[in-house]
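Examining the three-dimensional arrangement
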Amino acid sequence: MAETVTSSGTTPLLASLDPLLRAWLPRQRWFAGKGRPVTGFTPVAVTELLPPGGRLGLYHLLLRVHQPDAPGAPPHPGDCYQLLIGVREALPPRLAPALIGHVEEGPLAGHTVYEALHDPRPAEVLLEALRTRDRIGGLCFERDPQQEIRSGLVARLMTAEQSNSSVVYGDTFILKLLRRVVPGVNPDLEIPLALAREGCARVPAPTGWLTAEPAAGEPYVLAVLQPYVSGASDGWELALRELAKGEDFAAEARALGRATAEVHTALARALPTVTLGHPQLELLVGGMTERLAAAVQAVPALRPYERGLHSAYEALAGLAAEGRSWTAQRVHGDLHLGQCLRSPSGQWSLIDFEGEPARPLAERRMPQPPVRDIAGMLRSFDYAARSATGPHPAWAHACRSAYCSGYAEVAGRDPRTDPVLLRAYETDKAVYEVVYEARHRPDWLPVPLSAIRRLAASDQT
Ligand SMILES: Nc1ncnc2c1ncn2[C@@H]1O[C@H](COP(=O)(O)OP(=O)(O)O)[C@@H](O)[C@H]1O
Ligand SMILES: O=P(O)(O)O[C@H]1O[C@H](CO)[C@@H](O[C@H]2O[C@H](CO)[C@@H](O)[C@H](O)[C@H]2O)[C@H](O)[C@H]1O
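Numbering of residues begins from 1 in every chain and follows the order in which that chain's sequence is written. Lettering for chains starts from A, numbering for ligands starts from 1, and both go in the order in which the items are written. Where local features are concerned, this predicted model is filtered to residues with pLDDT of at least 70; where side-chain atom pairs are given and counted, the filter is 80 or more; whole-chain, interface and lining totals use all residues. The basis for every side-chain value is the complete set of non-hydrogen atoms in the structure, without hydrogens or water.

Looking at an unreviewed UniProt entry, one finds the protein chain named Maltokinase, with Streptomyces actinomycinicus as its source organism. UniProt positions are given in the numbering used here, feature names are shortened, and annotations may be inferred rather than shown by experiment. As stated in UniProt under Catalytic activity (unreviewed entry), the record for the protein chain gives "D-maltose + ATP = alpha-maltose 1-phosphate + ADP + H(+)". Entered under Sequence similarities (unreviewed entry) in the UniProt record, the comment concerning the protein chain runs "Belongs to the aminoglycoside phosphotransferase family."

1. Points about the overall build of the protein chain
Secondary structure elements follow DSSP: runs of H or I no shorter than four residues count as helices, runs of E no shorter than two count as strands, and numbering proceeds from the N terminus. Along its length, the protein chain carries 12 helices and 18 strands. With the radius of gyration taken over C-alpha atoms, the globule rule is written as 2.2 Å times the number of residues to the power 0.38. Here the C-alpha radius of gyration of the protein chain, 23 Å, is about what a compact globule of 461 residues would show, namely 23 Å. Each principal axis of the C-alpha distribution contributes one length, and for the protein chain these read about 70 × 50 × 45 Å. Any residue under 20% of the maximum accessible area for its type is buried, any over 50% is exposed, and the rest in between are partly exposed; the area is computed with a 1.4 Å probe on protein chains only. Classification of the 461 residues of the protein chain by burial places 52% in the buried group. Should any heavy atoms of two residues lie within 4.5 Å, those residues are counted as being in contact. Put simply, 68% of the contacts in the protein chain that link residues at least 6 apart link residues at least 24 apart. Here the accessible surface of atoms and residues is derived via Shrake-Rupley with a 1.4 Å probe, and residues count as covered only by protein chains that are part of the display. With an accessible surface of roughly 20000 Å², the protein chain has 54% of that area assigned to carbon and sulfur atoms. Counting 47 positive and 51 negative side-chain charges, the protein chain places the averaged centre of each group 2 Å from the other. Neither His nor the chain termini are counted; the positive set is Lys and Arg, and the negative set is Asp and Glu. Note on charges: their place is set at NZ of Lys, CZ of Arg, CG of Asp or CD of Glu.

2. Observations concerning helix 7 (residues 306-321)
For helix 7, spanning 16 residues, the distance from its first C-alpha to its last is 22 Å, which sits close to the expected 22 Å at 1.5 Å a residue. Along helix 7, the residues that are buried comprise Gly 308, Leu 309, Ser 311, Ala 312, Tyr 313, Leu 316, Leu 319 and Ala 320. Buried residues along helix 7 sit in contact with helix 6 (278-298), strand 16 (326-328), helix 11 (419-440) and helix 12 (446-457). After helix 7 finishes, the residue Gly 323 shows a positive phi value of roughly 100°. By definition here, a helix of n residues has an expected span of 1.5 Å times n minus one.

3. Some points on unusual backbone geometry
Of note, Arg 133 is a non-glycine position whose phi angle comes to about 50°, a positive value. As for its position among the elements, Arg 133 is in the loop between helix 2 (120-131) and strand 6 (135-136). A positive phi angle is found at Asp 171, which is not glycine, with a value near 60°.

4. Regarding the site of ligand 1
For this description, a residue counts as near a given molecule or strand if any of its non-hydrogen atoms is within 4 Å of it. As a matter of local geometry, ligand 1 sits amid 16 residues, with Gln 162, Asn 164, Lys 176, Gln 226 and Val 229 nearest to it. Whenever a nitrogen or oxygen atom comes within 3.5 Å of another N or O atom, the pair is scored as a polar contact, on the condition that within protein one atom can donate a hydrogen and the other can accept it, and that pairs from neighbouring residues in sequence are kept only if both atoms are in side chains. One of the backbone N or O atoms of Pro 227 is found 3.0 Å from a nitrogen atom in ligand 1. Val 229 has a polar backbone atom sitting 2.8 Å from a nitrogen atom of ligand 1. Alone, ligand 1 offers 550 Å² of accessible surface; in the complex the protein occludes 86% of this. Taken together, the elements giving at least two residues each to the shell around ligand 1 come down to strand 10 (173-177) and strand 13 (220-227). Each residue gets one of three labels, nonpolar for Ala, Val, Leu, Ile, Met, Phe, Trp, Tyr, Cys and Pro, charged for Asp, Glu, Lys and Arg, and polar for the others, Gly among them. Split into classes, the residues belonging to the shell around ligand 1 amount to 8 nonpolar, 5 polar and 3 charged. Split by domain, the shell around ligand 1 shows at least three residues from each of two domains, domain 1 (12-227) and domain 2 (233-456). These domain limits were set by an automatic method or by a database of domain assignments.

5. With respect to the sheet that holds strand 9 (residues 165-169)
Pairing is antiparallel across the open sheet formed by 7 strands, whose spatial order is 6-7-12-13-10-9-8. The open sheet terminates on both sides in strands that have one partner only, identified here as strand 6 and strand 8 (155-157). One ladder, built from 5 bridges, connects strand 12 (residues 208-212) with strand 13; its direction is antiparallel. Note on strand 13: the bridge partner recorded for Gly 208 is Leu 225. Lines fitted to the C-alpha atoms define the axes, with helices restricted to the stretch that makes contact. Angles between their N-to-C directions range from 0 to 180 degrees. Along the sheet face, helix 2 touches strand 7 (139-143), strand 8, strand 9, strand 10, strand 12 and strand 13 and points at about 70° away from the line of strand 7. The strands that helix 3 (residues 187-197) touches are strand 10, strand 12 and strand 13; relative to strand 13, the one it contacts most, it runs at about 45°. When DSSP finds at least two bridges between two strands, those strands are taken to pair.

6. Some details on helix 9 (residues 371-387)
The end-to-end C-alpha distance of helix 9 is 24 Å, a good match for the 24 Å that 17 residues give at a rise of 1.5 Å each. Burial of helix 9 is extensive: 15 of the 17 residues sit out of reach of the surface.

7. Details of empty space enclosed by the protein
Both cavities and pockets are sets of points on a 1 Å grid over the protein atoms alone; in a cavity a 1.4 Å probe fits but cannot get out, in a pocket the set is open with protein on both sides within 12 Å along at least five of seven lines, and lining residues sit with an atom within 4 Å of a point. Grid points are joined across faces, edges and corners, and a volume is the space filled by probe spheres set on the points. Summed over the entire model, instances satisfying the criterion amount to 2 cavities of 30 Å³ or more. Estimated volume of the largest cavity: approximately 100 Å³. Along its surface, the largest cavity is lined by 15 residues, and Gly 333, Gly 355, Glu 356, Arg 364 and Gln 368 are the ones closest to its centre. Secondary-structure elements contributing two or more residues to the lining of the largest cavity are helix 3 and helix 8 (361-364).

8. Let's talk about the domain arrangement of the protein chain
Along its sequence, the protein chain is carved into domain 1 (12-227) and domain 2 (233-456). Looking at the side of domain 1 facing domain 2, the largest losses of area belong to Ile 191, Glu 198 and Arg 202, adding up to 34% of the total buried there. Every case where a carboxyl oxygen of Asp or Glu lies within 4 Å of a side-chain nitrogen of Lys or Arg is listed as a salt bridge. The interface formed by domain 1 and domain 2 contains 5 salt bridges. Here Glu 190 makes a salt bridge to Arg 330, at a shortest N to O gap of 2.9 Å. For the interface between domain 1 and domain 2, the tally reads 10 residue pairs in polar contact (both at pLDDT 80 or more). Ranked by residue count, the leading element in the side of domain 1 that touches domain 2 is helix 3, at 7 residues. Classifying every residue of the side of domain 1 that touches domain 2 gives 12 nonpolar, 3 polar and 7 charged. Once two parts are put together, the accessible area they lose, assessed with a 1.4 Å probe and summed over both, is termed the buried area.

Now the structure itself:
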């Protein structure tokens, strides 16, 4: 395989793709800079995986995308995105949805470029490189030496709405390509690797991974290959299905509580834990308070509840001032029903340890009270109960209670014995959800807003 790698300046290739990418990128589900025009690109790395002379060319691009700063936001150099660009003389009709455009000039003049992950052959090039632990330019394809990858598995792109892009290989593996990437250790690889070392079977163990090593600075984690849980349903689909049938979900909620506790217990053994005393709790409360203030600015519908919500954080600050402390450890960071997979045999696995993608990597990797994940799941039962066939408060209550009981059976402590911490985290999550829904799915805004009303009304002051 030939290669061309650059770390700065532009290239003739990129100059010719520039106008096409400016139009195509903002339309992608995973593009985080929507609402602001794309004004240009700087290549971080451009790697030729297949030369364009043959029937199919393939480029791997890491591009810094320039956009005007959001109003009031500090100056930002632009996010870095991972793209896989296919090059053909003409696109077969089956690949029409993947079209990026026709190149007018430069080294690819007269060719058609497209999103290569839609095409099995380029996706299979990635799997083959992982299998053989290839090095191409600055790209390092790695495989766990203990695990085999069979050659010849057929690739298909997942069509689910995602923050990243995933390709399934013959129902055996799933490769998640991270789209917006930052240098440094990525929890989506770090945590599953740590859990695999602990022998925790609740998280699929990484089989392979792709990193980029730029000429200077820390490597980027670009993709993770895992065993595919064939025939699995996610917890969100299952919960909605049971709700539609008028069925109870408490037994599954309890099993999910047990699975969460198993993962937390293994993580506490695998990675460092810390004690959160007064200064750390003050910082934690400060962060929650800032997020609430920013959310009220962004979504004025929150304003009537600000005072009541704030009391949840004041109560936590009060306990900190009295000398209460909590243990913090690595957690999932964005746990909800959609991140839980149930295999056909009824085993639950947790996936997607990336954390909340909008938050900085250093923050996502910080030890936190495990209640953070528990609060995420409790919010998720509430979401399911409100977004299906109408509000089902008794269903949500039964699930929330069963989840906490299941957690306590494994972890030896019931999260409900920490009501102040739990309320603060549930409030923080509901505030996050209000902003998320206002940005991405405004029709869903009433769902977290109903929780906001409940959480604000439980003001004890
Ligand atoms: N190991 C797996 N086995 C089966 N399906 C999986 C596996 N990992 C992820 N998925 C499916 O892929 C989807 C996206 O994965 P996820 O890690 O949540 O990506 P994203 O961060 O882009 O949302 C999940 O909702 C799930 O349906
Ligand atoms: O893209 P991610 O899965 O990492 O998470 C983001 O999107 C989620 C929605 O897809 C969002 O979750 C919220 O909606 C879910 C139902 O669709 C619900 O189960 C969750 O409890 C609720 O938070 C998540 O917050 C966001 O980070």
